[in-house]
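# Structural overview for review
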Amino acid sequence: MPLQYLLSRIDLDELMKKDEPPFTFPKTLEEFEYAFNEYGQLRHIKTGEPFVFNAREDLHRWNQKRYEALGEIITQYVYELLEKKCNMTKAILPVDTTEDEATSFIYLSPDALSNPSKLLVLVQGSGVVRAGQWARRLIINQDLDSGTQIPFITRAIEEGYGVMVLNPNENYLELEKPAIFSPLPSPTEPSDEPAEKRERKDDKEGKKKREFYEKYRNPQKETETERIPVRENGSSEEHVLYVWDHFVSKAAAKNVFIMAHSYGGLSFVELMNQREMQVKNRACAVALTDSAHNIWLQETSKGTQDWMQQHCSNWVSSPEPLDTPLDPMLPDCPRVSAGTERHELTSWMSFNSIFRFFSEVLEAKEDEEAVETSNIVTTRSSSLKNKHQDL
């Protein structure tokens, strides 16, 4: 059989997976021989070097799997920071979960539901990131401050906010599918060739195939899984709506502040579509960073658009200096520069601006309420004085 024919039967992608090691990776940072230093940077414990993606040349798929395995460890590491450094606790979703169903969770500060004044709700973008993260790439390649929500949580708590950390991508339970064994191949149609000649030919072809495939050993097979969605939390949009209904709307805080990154902005706008009056009554200000929302595609009401213009600000990736006003692309919230052209960095670069925005909005609201209260008192006083004169 010509070699050209054999080559035509080989998947080129499979050729790229030759000599692929097993997909077995360390389970802890220590086993990976990495640790976060005093600056929150991930460094090799022996060399002090940053993380190296290409641990093995020409094995991109294996390197990617190794990176993903490290990412899962990072996720657990951030959960530990939320619990130990930020003193937050998990709240399981759905709130009425049964023993055998898929669950998710969010994180709450001790006063998230009881703080009478301020509540900050953090919503991340889409993808592999979980509660407490903005961008896995930043955590691994830059530092914890830029890639996690920890600085936002810490500062919010210092400034007297209760905090809720949402988990919009933890919306399914992934289970390994049982192995399915293929049935034996059915016998081929009988040939007119003599048996001895056919056996010699089969042996010859079989040897050629074995020799050829030996050069390109079978790649590692990935485990097949199935995803079981979490009830009423099967997507980012569902999750944000569910947390609003079961947590935010029941919180004591007079002033609710929301910060949402990327797809989280789209999920917030969908929340407004579903709970417009509730959001308007409870939310004081909304900070978006490079939001993925679109008021036309999401068919938002004129009332929502007008409210967003007054109460929202979107820090977007731009070469302009931080906080530079930018032309509005749609008639919704004002757009300002995040001071970076990197999408994943927009939240961290806007850190101080966002808290300043929240403070200014709250101060203006309190001043307005003080004026209204003063007017009411003055009106009542005048009314009582007139009644006294009449008497």
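Residues numbered from 1 in each chain as written. Predicted model: local features only at pLDDT ≥ 70, side-chain atom pairs only at ≥ 80, totals over all residues. Heavy atoms only, no water.

### Focus: helix α10 (residues 263–274)
This is how the line gets drawn: A run of H or I in DSSP counts as a helix once it spans at least four residues, and a run of E counts as a strand once it spans at least two, with each numbered from the N terminus. Here, expected helix span is obtained from the residue count minus one, scaled by 1.5 Å. Relative accessibility thresholds used throughout: buried, under 20% of the residue-type maximum; exposed, over 50%; partly exposed, between the two (1.4 Å probe, protein chains only).
Taking 1.5 Å as the rise per residue, α10 with twelve residues should run 16 Å; its terminal C-alpha atoms sit 17 Å apart, in good agreement. Taken residue by residue, α10 has Gly-264, Gly-265, Leu-266, Ser-267, Phe-268, Val-269, Leu-271 and Met-272 as its buried positions.

### Some details on the pairing of strand β5 (residues 118–123)
To keep things clear, this is the line we draw: Criterion used throughout: strands pair if DSSP finds at least two bridges between them.
A large share of β5 lies buried, amounting to six of its six residues. Neither face of β5 is left uncovered, since the one carrying Lys-118, Leu-120 and Leu-122 and the one carrying Leu-119, Val-121 and Val-123 both have all their residues buried. Bridge analysis of β5 against strand β6 (residues 161–165) gives five bridges, and the strand direction is parallel. Its bridge partner being in β6, Leu-119 is matched across the sheet by Gly-162. In this structure, β5 lies alongside strand β9 (residues 255–261), joined through six bridges in parallel fashion. In the strand pairing of β9, Leu-122 is matched with Met-259.

### Observations concerning the side chain of Gln-133
To keep it simple, the criterion reads: Identification of polar contacts relies on pairs of N or O atoms within 3.5 Å, with a donor-acceptor requirement for protein atoms, meaning one able to donate a hydrogen and the other able to accept it, and with residues adjacent in sequence counted only if both atoms are side-chain atoms.
Among the secondary structure elements, Gln-133 is positioned in the loop between β5 and α5 (136–141). Within the local environment of Gln-133, its side chain forms a polar contact with the side chain of Thr-75, the two groups lying 3.1 Å apart.

### Focus: the side chain of Asn-233
For clarity, the threshold we go by: Two residues form a contact once any of their heavy atoms are found within 4.5 Å.
Secondary-structure assignment places Asn-233 in the loop between β8 (225–229) and α9 (236–246). Here the side chain of Asn-233 touches His-239 through a polar contact of 3.0 Å, side chain to side chain. Not counting the four nearest positions on each side in its chain, Asn-233 is found in contact with Leu-93, Asn-171, Glu-238, His-239 and Tyr-242.

### Section: the nonpolar core
Short version of the rule: Among the buried residues, those of types Ala, Val, Leu, Ile, Met, Phe, Trp, Tyr and Cys that are joined through side-chain atoms within 4.5 Å form a nonpolar core.
Membership of the largest hydrophobic core comes to 50 residues, with the highest contact counts inside it found for Leu-82, Leu-120, Leu-122 and Phe-358. Ranked by residues supplied to this core, first place goes to helix α4 (residues 60–84) with ten residues. Those residues in contact with Leu-122 that sit more than four places away from it in its chain are Trp-134, Gln-149, Phe-152, Ile-153, Val-163, Met-164, Val-165, Leu-166 and Met-259. Counting 33 residues, the second-largest nonpolar core is a separate cluster that includes Leu-93, Trp-244, Ala-251 and Val-286.

### Here we look at the pattern of salt bridges
To be explicit about the condition: The working definition used for a salt bridge is a side-chain nitrogen of Lys or Arg within 4 Å of a carboxyl oxygen of Asp or Glu.
Inspection of every chain in the model, using the stated rule, returns 17 salt bridges. Among the salt bridges present, the one from Glu-369 reaches Lys-254, with a minimum N-O distance of 3.3 Å. Placement of the pair is Glu-369 in helix α14 (residues 351–390) and Lys-254 in the loop between α9 and β9, with a sequence separation of 115 residues. Taking relative accessible area as the criterion, Glu-369 reaches 26% and is therefore assigned partly exposed. Taken together, the shared-partner salt bridges connect Asp-96, Glu-101, Arg-231 and Glu-232 into one network.

### Considering the environment of Ala-292
On the secondary structure map, Ala-292 appears in the loop between β10 (283–289) and α12 (302–311). Here the alpha-carbon distance between Ala-292 and Tyr-263, two residues 29 residues apart in the chain, equals 5.0 Å. With residues near it in sequence (within four places) discarded, Ala-292 still touches Ser-262, Tyr-263 and Leu-266.

### What to know about the sheet that holds β6
Read across the open sheet, the nine strands follow the order β3-β4-β6-β5-β9-β10-β11-β13-β12; overall the sheet is mixed. A strand with exactly one partner marks an edge of an open sheet, and here the two such strands are β3 (89–93) and β12 (325–326).

### Looking at the environment of Met-277
By secondary structure assignment, the location of Met-277 is in helix α11 (residues 276–282). Separated by 26 residues in the primary sequence, Met-277 and Gly-303 place their C-alpha atoms 9.6 Å from one another.

### Here's the deal with the packing of aromatic side chains
Definition in use: What counts as a ring pair is set by centres within 6.5 Å for rings of Phe, Tyr and Trp (its six-membered ring), and what kind of pair is set by the plane angle: stacked under 30 degrees, edge-to-face over 60, tilted for all other angles. By definition, being over a ring means that NZ of Lys or CZ of Arg is both within 6 Å of the ring centre and within 35 degrees of the ring normal.
In total, this model carries 19 aromatic pairs according to the counting rule given. Judged by centre distance (4.9 Å) and plane angle (85°), the ring pair of Phe-152 and Phe-351 falls under edge-to-face. Separated by 199 residues along the polypeptide, Phe-152 in helix α7 (residues 150–158) and Phe-351 in helix α14 bring together distant segments of the chain. Side by side, Phe-152 and Phe-351 carry an identical accessibility label, which is buried. With centroids separated by 6.3 Å and ring planes inclined at 80°, the aromatic side chains of Tyr-161 and Phe-355 adopt a geometry described as edge-to-face. Linking Tyr-161 in strand β6 with Phe-355 in helix α14, this pair joins segments that are 194 residues apart in sequence. By relative accessible area, Tyr-161 is classed as buried at 2%. Take Phe-355: its relative accessible area is 1%, and that puts it in the buried class. Through a chain of ring-to-ring contacts, the aromatic side chains of Trp-134, Phe-152, Tyr-161, Phe-257, Trp-315, Trp-348, Phe-351, Phe-355, Phe-357 and Phe-358 assemble into a single cluster. Its end group placed over the ring of Trp-62, Arg-56 keeps NZ or CZ at 4.8 Å from the ring centre. Stacked on the ring of Tyr-161, the Lys or Arg Lys-118 has its end atom at 4.1 Å from the ring centre.

### So, the packing of α9 against α10
Where we set the bar: Angles here are taken between N-to-C directions and fall from 0 to 180 degrees, while the axes themselves are lines fitted to C-alpha atoms, restricted in helices to the stretch in contact. Orientation is classified from the angle alone, with under 35 degrees giving roughly parallel, over 145 giving roughly antiparallel, 65 to 115 giving roughly perpendicular, and any other angle giving oblique. In this scheme the crossing of two helices becomes right-handed for a clockwise turn of the near helix relative to the far one and left-handed for an anticlockwise turn of less than a right angle.
Across the interface, α9 lies against α10 with an axial gap of 9 Å and an inter-helix angle of 55°. Our classification of the angle between α9 and α10 gives oblique. Classified by chirality, the crossing of α10 by α9 is right-handed. Contacts between α9 and α10 involve Ser-236, Glu-237, Val-240, Leu-241 and Trp-244 from the first element and Tyr-263, Leu-266, Ser-267, Glu-270, Leu-271 and Gln-274 from the second.

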